[in-house]
Amino acid sequence: EPEVTQTPSHQVTQMGQEVILRCVPISNHLYFYWYRQILGQKVEFLVSFYNNEISEKSEIFDDQFSVERPDGSNFTLKIRSTKLEDSAMYFCASSRQGSQETQYFGPGTRLLVL
Amino acid sequence: QKEVEQNSGPLSVPEGAIASLNCTYSDRGSQSFFWYRQYSGKSPELIMFIYSNGDKEDGRFTAQLNKASQYVSLLIRDSQPSDSATYLCASRRGAQKLVFGQGTRLTINP
């Protein structure tokens, strides 16, 4: 069964450094998402991406964040200058279409900012 | 603020009993509702989705939706220790983002 994959599984970085989190969505899916979950808190939406552009973003997704689909398979989340509060699990998700289609989540990248 | 509310628990249920998980939502424009299971340190795993008022059954799981009351529930029959996890309720309006509740931690006692 096809799965969303994410790399790396864990990343430790120093405050102020740039990080890139990578995702490979399910191959026939068209909608891509990033969510994050701070330890002990709810899963929060960051951004959705369709047809090579952002379709929706949350207040969390400020100028420090960017997303890109650099080729036909990868979907990346970049954090330009990490802060301590960016420490969280970051989940990539994809769906075949937008509405009436479920979103399937990858295993996540645990980001720790020191 | 469009929110999804869940009792954080923990909810403790004996093995073999029915576990009942509840969720309310504030956005009347929400059209679809999802139950995900999340084991500690893992990603959300889809259990069921429901769009229409009433019940939807899938194996040991039944989702119930009441749009007038803005209420969604998940019943787990014949609960097993492997069902012990956090259950996340999520709503979605159209093709937009999932809005998650805090999750209910469920423990099945052998």
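The rules behind each value
- Residues numbered from 1 in each chain as written.
- Chains lettered and ligands numbered in written order.
- Predicted model: local features only at pLDDT ≥ 70, side-chain atom pairs only at ≥ 80, totals over all residues.
- Heavy atoms only, no water.
- Helix = DSSP H or I, 4+ residues; strand = E, 2+ residues; numbered from the N terminus.
- Rg over C-alpha atoms; globule rule 2.2 N^0.38 Å.
- Disulfide = S-S within 2.5 Å.
- Buried < 20%, exposed > 50% of the residue type's maximum accessible area, 1.4 Å probe, protein only.

Asks: Just checking my understanding: could you explain the overall build of chain B for this structure?
Replies: In terms of regular secondary structure, chain B is built from 0 helices and 11 strands. Listing each helix as α and each strand as β along chain B from the N terminus yields β-β-β-β-β-β-β-β-β-β-β. Compactness check: chain B gives a C-alpha radius of gyration of 13 Å against a globular reference of 13 Å for 110 residues, within 12% of the reference. Each principal axis of the C-alpha distribution contributes one length, and for chain B these read about 40 × 30 × 20 Å.

Asks: Please explain the state of the cysteines as it appears in this structure.
Replies: All names here are of chain B. Within the structure shown, the criterion is met by 2 disulfides over all chains. The disulfide partner of Cys23 is Cys89, and the S-S distance across this bridge is 2.0 Å. Negative torsions about the S-S bond denote left-handed disulfides, and the value of about -70° found for Cys23 with Cys89 makes this one left-handed. Of this pair, Cys23 sits in strand E3 (residues 19-25) while Cys89 sits in strand E9 (residues 85-92), and the two are 66 residues apart along the sequence. Cys89 sits in the buried class, given a relative accessible area of 1%.

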